[in-house]
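# Architecture at a glance
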Amino acid sequence: MIARIASSLRSRVRPLRALLRGAAVLVGLSVLPTAVLAYADLLPEGFDLAILGFESSPAMDLPHVREQLAAGGPLRIVAFGSSSTEGVGASSPAAAYPARLQADLNRALPHLVGGVSVLNRGIGGEHVDDMMRRLERDVIAAKPQLVIWQTGSNDPLRGIDLDHFREATLTGLRAMREAGIDVVLMEPQWCPKFDATPGSYRFRDAVREIGEETGVPVIRRSELMRSWINEARLTRKELFAADGLHMADRGYALLARAAADEILRDAGGPVRVAEAAQ
């Protein structure tokens, strides 16, 4: 009888002890973030550290860029894409987003020896197959640490099959990663011509899905452009060039700023460009 009572008490004390231990660990983690790795194994199996604001294994989306920043530079970037990368709609090559991106990053990262160079490898009118044909020559051969691949704009306008677009994009991503290059994808723009083309935004969504599947950051250009208008940062006339398809100077300037912030954030850079400009 006594043995049964003792066993019953032990069975009740063990869960209570475990609960108290878990509570103590949670308090410690909330006070001292560096305790996460040391005590994570004491938490219940499957416990999600994200509810405490922690990530048990934070992703490093741009490891080669991060390594170059830590080494003090130089940092080489290839802007790869179609007319939005080439700068169609801008008043000059210096007003296109790659040139502005180079200026923004050099301002944000003045300590880099040799600075940041952004090579413009955009050719207007190209779809994914056109870009794949010159991937090795224009991108991989330049040996950048990072490629910003703007894609998906011309494909729906030229009747490219969506599944083929996905497959070719994944092939290109694999080739660049195998060459030791980080990649950031840039989705298609928001514009009246896209609005009027059935199925065009499926390519935007495909770029986002590919980014999620492969762990590649995506610059959500369509979303950004809408937000700039909604927040009155610029007017439609300031955002779009006269053709209503491409961006104008102020739009490219905001796009470059967004791209620079994305790079710094994903590579663990020291500042945002917006802060460095003040």
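Counting restarts for each chain: residues are numbered from 1 in the order of the written sequence. Side-chain atom pairs in this predicted model are given and counted only at pLDDT of 80 or more, local residue features only at pLDDT of at least 70, and totals for whole chains, interfaces and linings cover all residues. Derived side-chain values reflect all non-hydrogen atoms in the structure, with water molecules and hydrogen atoms excluded from consideration.

### What about the overall build of the chain?
Heads up, the condition is: Note on conventions: DSSP H or I runs of at least 4 residues are helices, E runs of at least 2 residues are strands, and numbering of each starts at the N terminus. Contacts are assigned to residue pairs with any non-hydrogen atoms lying within 4.5 Å of each other. Calculation of accessible area relied on Shrake-Rupley with a 1.4 Å probe; when residues are assessed, cover is drawn exclusively from the protein chains displayed.
Assigned secondary structure in the chain consists of 14 helices and five strands. Here the contacts in the chain between residues at least 6 apart in sequence split such that 71% fall between residues at least 24 apart. Summed over all atoms, the accessible surface of the chain reaches about 14,300 Å², with 54% contributed by carbon and sulfur.

### Remarks on the packing of helix α8 (residues 162-178) against helix α10 (residues 201-214)
The test is simple: Between the N-to-C directions of two axes lies an angle of 0 to 180 degrees, each axis being a line fitted to C-alpha atoms and, for a helix, fitted only over the stretch in contact. Each helix crossing is assigned a hand: it is left-handed if the near helix lies turned anticlockwise from the far helix by less than a right angle, otherwise right-handed if that turn is clockwise. Three residue categories are used. Nonpolar comprises Ala, Val, Leu, Ile, Met, Phe, Trp, Tyr, Cys and Pro, charged comprises Asp, Glu, Lys and Arg, and polar comprises the others, including Gly.
It is at 11 Å that the axes of α8 and α10 come closest, and there the two elements cross at 40 degrees. The chirality of how α8 crosses α10 is right-handed. Here Leu162, Phe165, Arg166, Thr169, Leu170, Leu173 and Arg177 of α8 lie close against α10, whose contacting residues are Arg202, Phe203, Ala206, Val207, Glu209, Ile210, Glu213 and Thr214. A per-class count over the contact of α8 with α10 returns eight nonpolar, two polar and five charged.

### Observations concerning the sheet that holds strand β5 (residues 218-219)
Sheet strands associate in pairs through backbone hydrogen bonding, adopting either a parallel or an antiparallel arrangement. The cut-off we apply is this: Two strands form a pair only when DSSP identifies at least two bridges running between them.
Here five strands make up an open sheet; going across it, the order is β2-β1-β3-β4-β5 and the pairing parallel. The open sheet has two edge strands with one neighbour each: β2 (116-122) and β5. Bridge analysis of strand β4 (residues 182-186) against β5 gives two bridges, and the strand direction is parallel. Within β5, the position partnered with Met186 by the bridge is Ile219.

### Remarks on the pattern of salt bridges
Inclusion rule: Salt bridges are defined by distance alone: a side-chain nitrogen of Lys or Arg within 4 Å of a carboxyl oxygen of Asp or Glu. Accessibility here uses a 1.4 Å probe with only protein chains present; expressed as a share of the type maximum, an area under 20% marks a residue as buried, one over 50% as exposed, and anything in between as partly exposed.
All told, the structure shown has 16 salt bridges when counted by the stated rule. Between Arg166 and Glu209 there is a salt bridge, with its nearest N and O atoms 3.4 Å apart. On the criterion of sequence distance, the pair formed by Arg166 in helix α8 and Glu209 in helix α10 is long-range, its members being 43 residues apart. You can call Glu209 partly exposed: its relative accessible area is 38%. Of the charged contacts, one joins Arg265 and Glu262 as a salt bridge, the two residues approaching to 2.7 Å between their closest N and O atoms. Taken together, the positions of Arg265 and Glu262, both in helix α13 (residues 249-266) and three residues apart, correspond to about one turn of that helix. Connected via shared salt-bridge partners are Glu187, Arg208, Glu212, Arg220 and Glu223.

### Notes on the side chain of Asn154
Put simply, the test is: Two N or O atoms form a polar contact when they lie within 3.5 Å of each other; inside protein one atom must be a possible hydrogen donor and the other a possible acceptor, and for residues adjacent in sequence the pair counts only when both atoms belong to side chains.
Tracing the backbone shows Asn154 in the loop between β3 (146-150) and α8. Only 3.4 Å separates the side chain of Asn154 from the side chain of Ser82, close enough to count as a polar contact. Not counting chain neighbours up to four residues away, the residues in contact with Asn154 comprise Ser82, Gly125, Glu126 and His127.

### Some points on the environment of Leu69
Within the element layout of this structure, Leu69 appears in helix α3 (residues 63-71). Residue Leu69 is classed as buried on the basis of its relative accessible area of 13%. As for Leu69 and Val113, which are separated by 44 residues in sequence, their C-alpha atoms are 9.8 Å apart.

### Thoughts on the pairing of strand β1 (residues 75-81)
Most of β1 is tucked away: six of the seven residues are buried. Pairing of β1 with β2, which is carried by seven bridges, proceeds in the parallel orientation. Following the sheet pairing, Gly81 is matched in β2 by Gly122.

### Some remarks on helix α11 (residues 221-230)
Going by this rule: Throughout, the arc means the angular range of directions from the helix axis out to the C-beta atoms.
Three or more residues of α11 are buried, namely Arg221, Ser222, Met225 and Trp228. Taken end-on, α11 shows its buried residues confined to a sector of 125 degrees, consistent with a single buried face.

### A short note on the confidence of the model for the chain
What counts here: Confidence scores labelled pLDDT are given residue by residue by the predictor and lie between 0 and 100.
On average, residues of the chain score 82 in pLDDT, and 75% of them reach the 70 mark or higher. Long-range and interchain partners of residues 13-59, a stretch whose pLDDT sits below 50, account for 23 contacts in this model, where long-range means more than four residues apart.

### Quick word on the packing of helix α5 (residues 97-108) against α13
How we decide: Working definition: roughly parallel below 35 degrees, roughly antiparallel above 145 degrees, roughly perpendicular at 65 to 115 degrees, and oblique for all remaining angles.
Between α5 and α13, the shortest axis-to-axis distance is 8 Å and the interhelical angle comes to 45 degrees. Here α5 lies oblique to α13, going by the angle between them. Judged by the twist between their axes, the crossing of α5 over α13 is right-handed. Contact with α5, carried on its side by Tyr97, Arg100, Leu101, Asp104, Leu105, Arg107 and Ala108, involves Asp249, Tyr252, Ala253, Leu255, Ala256, Arg257, Ala259, Ala260, Ile263 and Leu264 of α13 and no other residues of that element.

### Remarks on the environment of Ala70
As for its position among the elements, Ala70 is in helix α3. With a relative accessible area of 70%, Ala70 lands in the exposed category. Here the alpha-carbon distance between Ala70 and Gly268, two residues 198 residues apart in the chain, equals 9.8 Å.

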